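Structural overview
Spelled out, the chains give:
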Amino acid sequence: MPLRRYPRQFRQLVTYALAGGLTAVAHYAVLIALVEGAQLDPVPATLAGFVVGALVSYTLNRWMTFDATRSHAEAGWRFALIAAGGFVLTGLLMHLFVSRLGLPYLPMQLVTTGIVMVFSFLGHKFFSFADRTA
């Protein structure tokens, strides 16, 4: 059944979750490769993964999730601002969980991802890709 039959908010949530899943795969692939393969500390590794994930996220969410009416130039800086907030939030949470509390990095990345996902969805919906006429 095509998603077009469902209310706009539901479609946005479903496509955001799909884009988020693909974003998370990119982020976690970089994170795990850097921690397990390159023996890098989890905090800088997750921030590198975040940057890769942000590029995937922008592309997929502009294309699939939000009815982007802003140009790339206008939406891009807005997206970057929200992404910067997510980057800082990711760094702070992972530093707290892993470096300060000594918790395992992958489960704590899952917790961090959930928190940052809510922050990012709201920021992108109402700021990055918001309809200029609304």
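The coordinates are above.
Okay, so let's go over this structure. Predicted model, so just to flag it, every value in this text is computed and none were measured.

This part is about the layout of surface pockets. Reported here for the largest pocket is a volume of approximately 390 Å³. Taken together, 24 residues form the lining of the largest pocket, with Thr23, Thr113, Val116, Met117 and Ser120 sitting closest to its centre. Elements with a contribution of two residues or more to the lining of the largest pocket: helix H1 (8-37), helix H2 (42-65), helix H3 (72-100) and helix H4 (105-128). If one sorts the elements of the lining of the largest pocket by residue count, H1 sits on top with 8 residues. Taken together, the residues that form the lining of the largest pocket break down as 11 nonpolar, 13 polar and no charged.

Our focus in this paragraph is the packing of H1 against H4. The angle between the axes and the distance between the axes are what describe a pair of packed helices. At a closest axis distance of 11 Å, the pairing of H1 and H4 adopts a crossing angle of 140°. Viewed along their axes, H1 and H4 adopt a mutual orientation that is oblique. Handedness of the crossing formed by H1 with H4: right-handed. When H1 is examined against H4, the residues Gln9, Gln12, Tyr16, His27, Tyr28, Leu31, Ile32, Val35 and Glu36 are found in contact with a partner set consisting of Tyr105, Leu106, Gln109, Leu110, Thr113, Met117, Ser120, Phe121 and Lys125. Along the lines of polarity and charge, the residues of the contact of H1 with H4 split into 10 nonpolar, 6 polar and 2 charged.

Attention shifts here to H1. Given 3.6 residues per turn, any residue in an α-helix points the same way as the ones three and four places further on. Along its 30 residues, H1 runs 42 Å from first to last C-alpha, staying within 8% of the 44 Å computed at 1.5 Å per residue. Within the span of H1, buried status applies to Gln12, Thr15, Tyr16, Ala19, Thr23, Ala26, His27, Tyr28, Leu31 and Val35. Buried residues along H1 sit against H2 and H4. Count one or two residues on from H1 and you reach glutamine 39, which has phi positive near 60°.

Turning our eyes to something else, we now look at the packing of aromatic side chains. Summed over all chains, the structure comprises 5 aromatic pairs. With a centroid separation of 5.8 Å and an interplanar angle of 75°, the aromatic rings of phenylalanine 50 and phenylalanine 87 are classed as edge-to-face. Taken as a pair, phenylalanine 50 in helix H2 and phenylalanine 87 in helix H3 lie far apart in primary sequence, 37 residues in all. You can call phenylalanine 50 buried: its relative accessible area is 12%.

What follows deals with the packing of H2 against H3. Packing of H2 against H3 leaves a shortest axis separation of 9 Å and a crossing angle of 150°. With respect to each other, H2 and H3 are oriented roughly antiparallel. Read as a crossing pair, H2 and H3 show a hand that is right-handed. Classifying every residue of the contact of H2 with H3 by side-chain character gives 13 nonpolar, 9 polar and 1 charged.

With respect to the secondary-structure elements, glutamate 36 resides in helix H1. Polar contacts involving the side chain of glutamate 36 include one to the side chain of tyrosine 105, which spans 2.7 Å.

Cut-off values and rules
- Position numbers for residues start from 1 in each chain and track the written sequence from start to end.
- Local features are withheld for residues below a pLDDT of 70 in this predicted model, meaning they are given only at 70 or higher, and side-chain atom pairs are given and counted only at 80 or more; totals for whole chains, interfaces and linings count all residues.
- Remark: hydrogens and water are excluded; side-chain values derive from all non-hydrogen atoms of the structure.
- Detection works on a 1 Å grid of protein atoms alone, calling trapped sets that fit a 1.4 Å probe cavities and calling open sets with protein on both sides within 12 Å along at least five of seven lines pockets, with lining residues defined by an atom within 4 Å of a point.
- Grid points are joined across faces, edges and corners, and a volume is the space filled by probe spheres set on the points.
- Secondary structure counts use DSSP, requiring at least four H or I residues in a row for a helix and at least two E residues in a row for a strand, with both numbered from the N terminus.
- When residues are sorted by character, Ala, Val, Leu, Ile, Met, Phe, Trp, Tyr, Cys and Pro go into the nonpolar class, Asp, Glu, Lys and Arg into the charged class, and all the rest, Gly among them, into the polar class.
- Between the N-to-C directions of two axes lies an angle of 0 to 180 degrees, each axis being a line fitted to C-alpha atoms and, for a helix, fitted only over the stretch in contact.
- Each angle is binned into one of four classes, with values under 35 degrees roughly parallel, values over 145 roughly antiparallel, values of 65 to 115 roughly perpendicular, and all other values oblique.
- Helix crossings fall into two classes, left-handed where the near helix is turned counterclockwise from the far one by less than a right angle and right-handed where it is turned clockwise.
- Any pair of residues with heavy atoms lying within 4.5 Å of one another is described as a contacting pair.
- In this scheme, a helix's expected span is set at 1.5 Å multiplied by one less than its residue total.
- Exposed residues in this analysis have more than 50% of their type's maximum accessible area, buried residues have under 20%, and partly exposed residues fall in between, with area computed by a 1.4 Å probe over protein chains only.
- Working definition: rings of Phe, Tyr and Trp (its six-membered ring) pair if their centres are within 6.5 Å, and the pair is stacked with planes under 30 degrees apart, edge-to-face with planes over 60 apart, and tilted otherwise.
- Counted as a polar contact is a pair of N or O atoms within 3.5 Å, where, for protein atoms, one must be capable of donating a hydrogen and the other of accepting one, and residues adjacent in sequence contribute only when both atoms are in side chains.

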